[in-house]
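Working through the structure, step by step
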Amino acid sequence: MKTSFIKKSISSALALLLCVSAFSQSKNPRLIVRADDMGAFHSVNVACLEACKNGIETSIEVMVVTPWFPEAVKMLQEIPTVDVGLHLTITSEWENIKWRPLTSCPSLTDENGYFYPMMGPHEAYPGQAIMENKWDIREIEQEFRAQIELALKNIPRISHLSGHMMSTGFDPEVVKLVRRLANEYGLPAIDRVEAMEEYNFIYIGYDGPRQTSAEKEASFIRMLEKLEPGRNYMFIDHPALNNDEMETVMHIGYEDVAVDRQGVTDVFTSEKVKQAIQEKGIDLISYNDLTKPLPRSTPTAEKVNPKAFAGYLDAVKKSGQDLHSIMVLRNGKVIFEEWLGDHAFNQPHILNSVSKTFTATGIGFAVAEGRIKVTDKVISFFPDQLPVTLSDNLKELEIRHLLTMSSGHNVDPTAAIRTKEDADWVKVFFEEPLLHKPGTEYVYNSLGTYMLSAIIQQVTGEKLIDYLYPRLFRPLGIVGAYWEDSPQGINVGGWGLYVKTEDMAKLGQFILQKGNWNGKQLLPEAWFDDATTSHIASLPAGVKRENLTVKPKDSDWLQGYGYQMWRSRHNSFRADGANGQFILVLPEKNAVIVTTAHIGDMQAELNLIWKYILPAFK
């Protein structure tokens, strides 16, 4: 539970970059700052990390065939929120260090088995270019597949494909192949010749000389001055350090690599550059923002009264609610979005117990894949962590009881782990007595949700977040998620997930569409029928309905509980996290409302939504 880590990561990497309005609404210029070739050298790895943590870098491209790729994997774990692309590689350009393919590719390699140094003809390397030799598209496909598989195995959050030295776009046949692989793996290819038009961006470079660090900085700032409002731009360069390692790196015609690439690092971390970006109102965005955003519309076009949102925000202000963001979707399109204070569209936010709904969705995928059943006994997954004596209630505990907060505990056992620093959380859960027959009594139970995460890891061999990437996160375009771990290295499940506001909205829309996304049924509809149904009365622990002090019609917490989701008034349901994090789904309005906040009175927060926003839907 290292909450300070992610907060520090977010603040150090993004503090100077974030804007208070969403890039999709903003009329500002929008800029991707991309660092290429992570994995090639230790010095490159260090520079990429520094330029992301303390600079303007928004995307890092990783090469998997290179010698420092294993270190790159470890270092990228330090910055879980940065966008990462796979830099597909079939050339090895440097004199003193070479890399080979992952597969047998004789048409792409020299007599020593190394990739050819160049893509196109080079006077210093006659006959040593891919395009000068009879390359085989079948070998390129098998090599690209191997690189994609290795990258996803080690870095599940990879969001897109790019090409080292134009490897993805040097021939129409290769472009066609890469487009097919991009569709198959759900990883947009952004270096194809059509990509600029498809994703609406423009390549830009230094505006002037760039031999020295000072020249690069001045030319970069001049470039910033020419960016036009409302347009998307991409800047690519290669940060590294000027040190003994990089001084050995060169090829004929490019000998000053160490000095040149230290200059890139200097620009990416320059205080003058950061200041210029702020002064010019430039939004720094990622590839994922371009390739997989939710569609946008206007309230009027989707038959929603636009005046409602101004009234809502005014009421929030007058009530003193600390609202951080709100996003409203109608008919699958974002019609309103606002970030308040120092919060921003590209800033991950703590979800608290909204995390539970992501966990339950992971269980849904495991059920759909036949790995588990909701009627499976919980003790069957942990034979080595059980107490010596098993109570009858513990023997009867099933996954569905964890999903519905009806495990049989009398009080939430989560408090027990707070006092046992290195305790095995699974053992702690089993040690807490089940005083009620499972399925009969509702008691909110965050440690029970942790058990769902532990079951996923037990049956898949993957952390829950890694399991979700290919099934949920990558198809929906959720990247840069971070989930805290227990001392046993298991995602905590019930809390501790950080994603962006739009990522929350994507999950809400996914649930509203009953598992369908872009025409593909990712998760069976039946799962959502079960998950959003009230399985148990959500009464406070130990309280009978006749003893309630609040009438059910006045409370969104007394409408029943599904699979890690609450039923709400107005025939809605929601993911719900402490201090005002909501994914509110309204099927009758074909709408999703998402908030992040720090609001103690969450009923008051929902009351304002019901009062001002609900009536706006025509």
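Residues numbered from 1 in each chain as written. Predicted model: local features only at pLDDT ≥ 70, side-chain atom pairs only at ≥ 80, totals over all residues. Heavy atoms only, no water.

Quick word on the side chain of Asp289
Test applied: Runs of H or I in DSSP of at least four residues are treated as helices and runs of E of at least two as strands, each being numbered from the N terminus. The buried label goes to any residue with under 20% of its type's maximum accessible area, the exposed label to any with over 50%, and the partly exposed label to all in between, with areas taken from a 1.4 Å probe on protein chains only. Only four residue types enter the tally: Lys and Arg on the positive side, Asp and Glu on the negative side, with His and both chain ends excluded. Take a side-chain nitrogen of Lys or Arg and a carboxyl oxygen of Asp or Glu: if they are within 4 Å of each other, that pair is a salt bridge. Counted as a polar contact is a pair of N or O atoms within 3.5 Å, where, for protein atoms, one must be capable of donating a hydrogen and the other of accepting one, and residues adjacent in sequence contribute only when both atoms are in side chains.
In this structure, Asp289 sits in helix 11 (residues 287-291). No salt bridge is formed by the buried Asp289; the nearest opposite charge belongs to Lys500, separated by 6.0 Å. At a separation of 2.9 Å, a polar atom in the side chain of Asp289 contacts the main-chain amide nitrogen of Ser286.

Some details on the side chain of Asp110
The criterion, for reference: The contact criterion used is simple: two residues touch if any of their non-hydrogen atoms lie within 4.5 Å.
Tracing the backbone shows Asp110 in the loop between strand 3 (83-88) and helix 4 (137-154). Among buried charged residues, Asp110 stands out as having no salt bridge; its nearest opposite-charge side chain is Lys98, 6.0 Å away. Excluding residues within four positions of it along the chain, Asp110 makes contact with Phe115 and Tyr116.

What to know about helix 22 (residues 602-613)
Quick reminder: α-helices carry 3.6 residues per turn. Residues three or four places apart thus point the same way. Inclusion rule: Helix span, expected: 1.5 Å multiplied by one less than the number of residues in the helix.
With twelve residues, helix 22 extends 16 Å from end C-alpha to end C-alpha; this agrees with the ideal 16 Å at 1.5 Å per step. On its buried face, helix 22 sits against helix 12 (307-319), strand 8 (323-330), strand 15 (566-568), strand 16 (572-577), strand 17 (581-586) and strand 18 (591-597).

Some words on the sheet that holds strand 15
Rule in force here: At least two bridges found by DSSP between two strands is the condition for calling them paired. Only C-alpha atoms enter the line fits that serve as axes; for helices the fit covers just the stretch in contact. Angles between N-to-C directions range over 0 to 180 degrees.
In spatial order, the strands read 9-8-18-17-16-15; together these six strands make up an open sheet with antiparallel pairing. In the strand order of this sheet, the two ends are held by strand 9 (333-339) and strand 15, each with one partner. Pairwise comparison of adjacent strand axes, ignoring direction, gives a mean angle of 15 degrees for this sheet. Summarising the sheet, strand 16 and strand 17 pair through five bridges and their orientation is antiparallel. Along strand 17, the bridge assignment pairs Arg574 with Leu584. Here helix 12 sits on the sheet in contact with strand 8, strand 9 and strand 18, set at roughly 160 degrees to strand 8. In this fold helix 22 packs onto strand 8, strand 15, strand 16, strand 17 and strand 18, with an angle of close to 40 degrees to the strand it touches most, strand 17.

What to know about the packing of helix 13 (residues 355-368) against helix 20 (residues 501-512)
Operational definition: Roughly parallel refers to an angle under 35 degrees, roughly antiparallel to one over 145, roughly perpendicular to one between 65 and 115, and oblique to any angle outside these ranges. Helix crossings are classified by the rotation of the near helix relative to the far one: an anticlockwise turn of less than a right angle makes the crossing left-handed, while a clockwise turn makes it right-handed. All residues other than Ala, Val, Leu, Ile, Met, Phe, Trp, Tyr, Cys, Pro, Asp, Glu, Lys and Arg, Gly among them, are scored as polar; the first ten of these are nonpolar and the last four charged.
Axis separation between helix 13 and helix 20 bottoms out at 12 Å; the angle between their running directions is 45 degrees. Relative to helix 20, the element helix 13 lies oblique. For the crossing formed where helix 13 meets helix 20, the hand is left-handed. Contacts from Thr357, Phe358, Thr361 and Phe365 of helix 13 reach helix 20 at Leu507, Phe510 and Ile511. Counted by class, the contact of helix 13 with helix 20 contains five nonpolar, two polar and no charged residues.

Things to note about the layout of surface pockets
Gaps left between atoms are located by rolling a probe of water-molecule size over the structure's atoms. The line we're drawing: Buriedness of a pocket was judged along seven lines, with at least five required to meet protein on both sides within 12 Å; pockets are open sets of points on a 1 Å grid over the protein atoms alone, cavities are sets where a 1.4 Å probe fits but cannot get out, and lining residues have an atom within 4 Å of a point. Grid points are joined across faces, edges and corners, and a volume is the space filled by probe spheres set on the points.
Space inside the largest pocket adds up to approximately 780 Å³. Lining the largest pocket we find 34 residues, and of these Gln77, Lys463, Ile465, Asp466 and Asp485 sit closest to its centre. When residues of the lining of the largest pocket are traced back to their parent elements, those giving at least two are helix 3 (69-76), helix 4, helix 16 (415-418), helix 19 (464-476) and strand 11 (482-483). Counting residues per element, the lining of the largest pocket draws most heavily on helix 19, which supplies five residues. Broken down by class, the residue content of the lining of the largest pocket amounts to 17 nonpolar, five polar and twelve charged.

Observations regarding helix 13
If you check helix 13, its first and last C-alpha atoms are 20 Å apart, about what 14 residues at 1.5 Å a residue would give, namely 20 Å. Taking burial as the measure, the 14 residues of helix 13 include twelve buried ones, the bulk of the element. Within helix 13, the full set of buried residues consists of Ser355, Lys356, Thr357, Phe358, Thr359, Ala360, Thr361, Gly362, Ile363, Gly364, Phe365 and Ala366. Where helix 13 terminates, the next one or two residues include Gly370, which has phi positive at roughly 75 degrees.

With respect to the packing of aromatic side chains
The following threshold applies: Geometry of aromatic contacts follows a simple scheme: Phe, Tyr and Trp rings, the Trp one being its six-membered ring, pair when their centres are within 6.5 Å, and the pair is stacked under 30 degrees between planes, edge-to-face over 60, tilted otherwise. Two conditions define a charge located above a ring, namely a distance within 6 Å from the ring centre to NZ of Lys or CZ of Arg, and an angle within 35 degrees of the ring normal.
This structure, assessed with the given rule, holds 24 aromatic pairs. Here the aromatic rings of Phe358 and Phe473 are separated by 6.1 Å at their centres, their planes lie at 70 degrees, and the arrangement is edge-to-face. With Phe358 in helix 13 and Phe473 in helix 19, this pair connects stretches of sequence that are 115 residues apart. Through pairs of rings, three or more aromatic residues link up here, namely Tyr442, Tyr444, Trp557, Tyr561, Trp566 and Phe582. A cation over a ring is seen here: Arg574 above Trp557, with NZ or CZ 4.4 Å from the ring centre.

A look at the sheet that holds strand 10 (residues 349-350)
Taking strand neighbours across the sheet as the criterion, the three strands line up as 10-12-11 in an open arrangement whose pairing is antiparallel. With one partner strand each, in any of the chains shown, strand 10 and strand 11 form the two edges of the open sheet. Sheet topology note: the strand 10/strand 12 (residues 497-499) ladder contains two bridges and is antiparallel. Within strand 12, the position partnered with His349 by the bridge is Val499.

Focus: the environment of Ile90
Its location among the elements puts Ile90 in the loop between strand 3 and helix 4. For Ile90, a relative accessible area of 0% gives the class buried. Separated by 411 residues in the primary sequence, Ile90 and Thr501 place their C-alpha atoms 38 Å from one another. When sequence neighbours within four positions are dropped, the list of residues in contact with Ile90 reads Leu108, Phe115, Tyr116, Met119, Ile130, Ile140, Glu143, Phe144, Ser167 and Phe170.

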